[in-house]
Amino acid sequence: MSESPIERDIEKNASEKQGNQVIIKGLSSDSPDGTVHRDLKARHLQMIALGGTIGTGLFLGAGGSYAQGGPAGIFLGYTVMGVIVYSMMVALGEMTTLYPVSGAFTHYSARFADPAIGFALGWNYWYSYAITLPTEISAAVIVIQFWPKGAEVNPAAWISILLVVICSFNFCGVRFYGEAEFWFSVTKITTIIGLIILSIPITAGGTPTGDKIGFRYWNAGAFQQLNGIPGPKGRFLAFWSTFVKAAFSFLGTEIVALTAGEAENPRRNVPKAIRRVFYRILVFYIFGVLAISLIVSPNNPDLLDGTGSAASPWVIGIKLAGIKGLPSVVNAVILISAFSAGNSDLYASSRTLYGLACDGKAPAIFRKCTKNGLPIWSLILTAAFGLLAFMTVSSGGNNVFNWLSNLSSITGLITWACILYSYLRFYYGCKAQGINRDDFPYKAPFQPWFSYFGLFFIILIIFFSGFTVFLKGNWSTSDFFVDYITVLIFLILWVGWKFWHKTKHVSLHNMDFETGRRELDSMAEEEAARFQEPTTWYGKLWAAIM
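Residues numbered from 1 in each chain as written. Predicted model: local features only at pLDDT ≥ 70, side-chain atom pairs only at ≥ 80, totals over all residues. Heavy atoms only, no water.

A word on unusual backbone geometry
Alright, step 1. For the peptide bond that leads from Gln447 to Pro448, omega is 5 degrees, which places it in the cis range.
Alright, step 2. Assignment of secondary structure puts Pro448 in the loop between helix H18 (411-432) and helix H19 (449-464).
Alright, step 3. Although it is not a glycine, Phe446 sits at a positive phi angle of roughly 60 degrees.
Alright, step 4. Within the secondary structure, Phe446 sits in the loop between H18 and H19.
Alright, step 5. We classify Phe446 as exposed; its relative accessible area is 61%.
Alright, step 6. Of note, the phi angle at Lys502 is positive, near 55 degrees, even though the residue is not glycine.
Alright, step 7. Position of Lys502 among the secondary structure elements: in the loop between helix H20 (477-501) and helix H21 (517-530). (Helix = DSSP H or I, 4+ residues; strand = E, 2+ residues; numbered from the N terminus. Buried < 20%, exposed > 50% of the residue type's maximum accessible area, 1.4 Å probe, protein only.)

Below, the structure is given as structure tokens:
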């Protein structure tokens, strides 16, 4: 079998390396611990990429951002943040397509930057999504209480039902998880497109009230004045607050990389998924917030004072338009979104722990897989975090739970920063070793400047994410702690692992591009050989979509 250009480049440089070899366990099906199975189909991967992160942030959380930033503030905030997220995703896509392994970005941080960074990132990320699982379950219970009958049932009963169903999808195997997320994503995508289209007749006056809104809310004031601060300073701070909040709405976009370790033919399917991230950001997020700015005023009190679905800008706008029945439909989709997020949280966190174990940064027991490819102990430990949702039933327990969940507030942003930094090391490592990126299955555009752009802004957001506590009269020690404790935890884990294991920053010339490549290339060739190009028109259409 002839060697690929990448293999020739790698082997040409292998003799020049001085150790620094990466250890990857879990690639071989002959492993005594077993391994995960590549049971996620192309349509699963594409839908997870397209709709996986459309959730309560866009349906519900955008209302608070809109109230703070105003029409122009939220539109610009989400647009600029969308470009930043895209810069991160294309960088991640290049590394993931070349090395579709379990752990994904935690592995890349250890492999191309510093093993200590991979350790700190992995454990931070695992905890972040493990604790978000009960958060999403609790949010789903609040959404259920939108309906009078739902409010009559003890919240503990709803928590039990939701937790059992989420665990069932994950414990039945990755194919069941993928199938569930496929249909959840179809529902969310259909709904958000429908809501964007619905905003047109609402704005034009084609509703029972007949009110022609037009650009009324833009004309009344494109920007809010944050905390009543007058002039350009107040307007800029209003935009910045929305910009920071927009970052949290995009969190989870990177989960598609974690699925690559269990996706069939990742060299073909991951690039397709990454390319569609751009369209998802453009259509769902940017057009979505533009539609919100047309159908409801940023000064509507329900945006900040409403609870559950009553605070959704979509529900508020539809109610004001006099359209009956639809608020319950939107509430149902918000419920599905919260449930889907919990489902993805359990998957992402359990696979992160499994990836850490495969890289030797977590106890070996967590890389144990069943014969069906399920990392069973990683899943059991992570699923146990779901029981924390019961703490929200009592007021005292709720306070403790909120404190625990706030510890992970900016882990997603730290993850993005590490991804971009790892990619820049990867990029310059390729240059130093004479490896031609044109031969890679997917090549990120506009590099390295696009990654520098994204990294600069993400670091800026991390440092100024809690800027409101520094405004006059706003100081709160607890809020300051919540905003920045995650950075401290990350640094402690990083320095601790580095000191204990005496790790060094990976040099460009010693960077290991070889380990695992033969197994992954062989796997890719076998899957490519099994792949059959569609011949019918409907088959070609489906392939183009999925």
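Notes on the confidence of the model for the chain
Alright, step 1. Averaged over the chain, the pLDDT score is 81; the fraction of residues at 70 or greater is 84%.
Alright, step 2. Across residues 1-19 the pLDDT falls below 50, and counting only partners more than four positions away or on other chains, this stretch makes 35 contacts in the model. (pLDDT = per-residue confidence, 0-100. Contact = heavy atoms within 4.5 Å.)

Structural notes on the packing of aromatic side chains
Alright, step 1. If you walk through the whole model with that rule in mind, you get 40 aromatic pairs.
Alright, step 2. Between the aromatic rings of Phe490 and Trp494, the centroid separation amounts to 6.1 Å while the plane-to-plane angle is 55 degrees, which identifies the pairing as tilted. Of this pair, Phe490 and Trp494 both sit in helix H20, 4 residues apart, which is roughly one turn of the helix.
Alright, step 3. Given a relative accessible area of 27%, Trp494 falls into the partly exposed group.
Alright, step 4. Ring pairs connect the aromatic residues Tyr86, Phe236, Phe239, Trp240, Phe243, Phe446, Phe450, Phe453, Phe456 and Phe457, which therefore count as one cluster.
Alright, step 5. A cation over an aromatic ring shows up here: Arg111 above the ring of Tyr99, its NZ or CZ 4.3 Å from the ring centre.
Alright, step 6. If you follow Lys502 out to its NZ or CZ, it ends over the ring of Phe499, 5.0 Å from the centre. (Phe/Tyr/Trp six-rings, centres within 6.5 Å; stacked < 30°, edge-to-face > 60°. Lys NZ or Arg CZ within 6 Å of the ring centre and 35° of its normal.)

Remarks on the side chain of Ser422
Alright, step 1. Tracing the sequence through the fold places Ser422 in helix H18.
Alright, step 2. Here Cys418 takes part through its backbone oxygen, which lies 2.7 Å from a polar atom of the side chain of Ser422. (Polar contact = N/O pair within 3.5 Å; in protein donor to acceptor, adjacent residues only side chain to side chain.)

Here we look at helix H14 (residues 313-320)
Alright, step 1. Counting buried positions along H14 yields 6 of 8 residues, so the element is predominantly enclosed.
Alright, step 2. For H14, the set of buried residues is Pro313, Trp314, Val315, Ile316, Gly317 and Ile318.
Alright, step 3. The positive-phi residue at the C-terminal boundary of H14 is Gly322, with phi of around 80 degrees.

Thoughts on the side chain of Glu254
Alright, step 1. Secondary-structure assignment places Glu254 in the loop between helix H10 (231-249) and helix H11 (255-259).
Alright, step 2. Apart from the residues within four sequence positions on either side, Glu254 is in contact with Met88, Met89, Leu92, Phe105, Tyr125, Tyr129, Thr415, Trp416 and Ile419.

Comments concerning the environment of Leu304
Alright, step 1. Tracing the sequence through the fold places Leu304 in helix H13 (residues 302-305).
Alright, step 2. With 236 residues separating them in the primary sequence, Leu304 and Gln68 have C-alpha atoms 9.3 Å apart.

Quick notes on the pattern of salt bridges
Opposite charge on two side chains allows them to pair when their charged atoms are near.
Alright, step 1. The final tally for this structure, using the stated rule, is 6 salt bridges.
Alright, step 2. Here Arg437 ties to Glu94 by a salt bridge, and the two come within 2.9 Å at their closest N and O atoms. You can see Arg437 sitting in the loop between H18 and H19 and its partner Glu94 sitting in helix H3 (residues 56-98), a full 343 residues away along the chain.
Alright, step 3. Its relative accessible area of 11% is what places Arg437 among the buried residues.
Alright, step 4. Between Asp211 and Arg216 there is a salt bridge, and its shortest N-O distance comes to 2.7 Å.
Alright, step 5. You can call Asp211 partly exposed: its relative accessible area is 33%.
Alright, step 6. Arg216 sits in the partly exposed class, given a relative accessible area of 34%. (Salt bridge = Lys/Arg side-chain N within 4 Å of Asp/Glu carboxyl O.)

Observations regarding the environment of Trp158
Alright, step 1. Its place among the elements puts Trp158 in helix H7 (residues 155-171).
Alright, step 2. Overall, the relative accessible area of 22% leaves Trp158 in the partly exposed class.
Alright, step 3. Counting along the chain gives 21 residues from Trp158 to Ile137, while the straight-line C-alpha distance between them is 8.7 Å.
Alright, step 4. Setting aside residues no more than four positions away along its own chain, Trp158 makes contact with Val141, Ile144, Gly150 and Val153.

Some details on the nonpolar core
Alright, step 1. Counting 140 residues, the largest nonpolar core has Met81, Phe105, Tyr108, Trp314 and Phe426 as the members making the most contacts within it.
Alright, step 2. Per element, the largest residue contribution to this core is 18 residues, and it comes from H3.
Alright, step 3. Excluding residues within four positions of it along the chain, Phe105 makes contact with Leu92, Leu121, Tyr125, Glu254, Ala257, Leu258, Thr415 and Ile419.
Alright, step 4. Among the nonpolar cores identified, the runner-up in size contains 10 residues, and Trp126, Tyr127, Ala130 and Leu353 belong to it. (Core = buried A, V, L, I, M, F, W, Y, C linked by side-chain atoms within 4.5 Å.)

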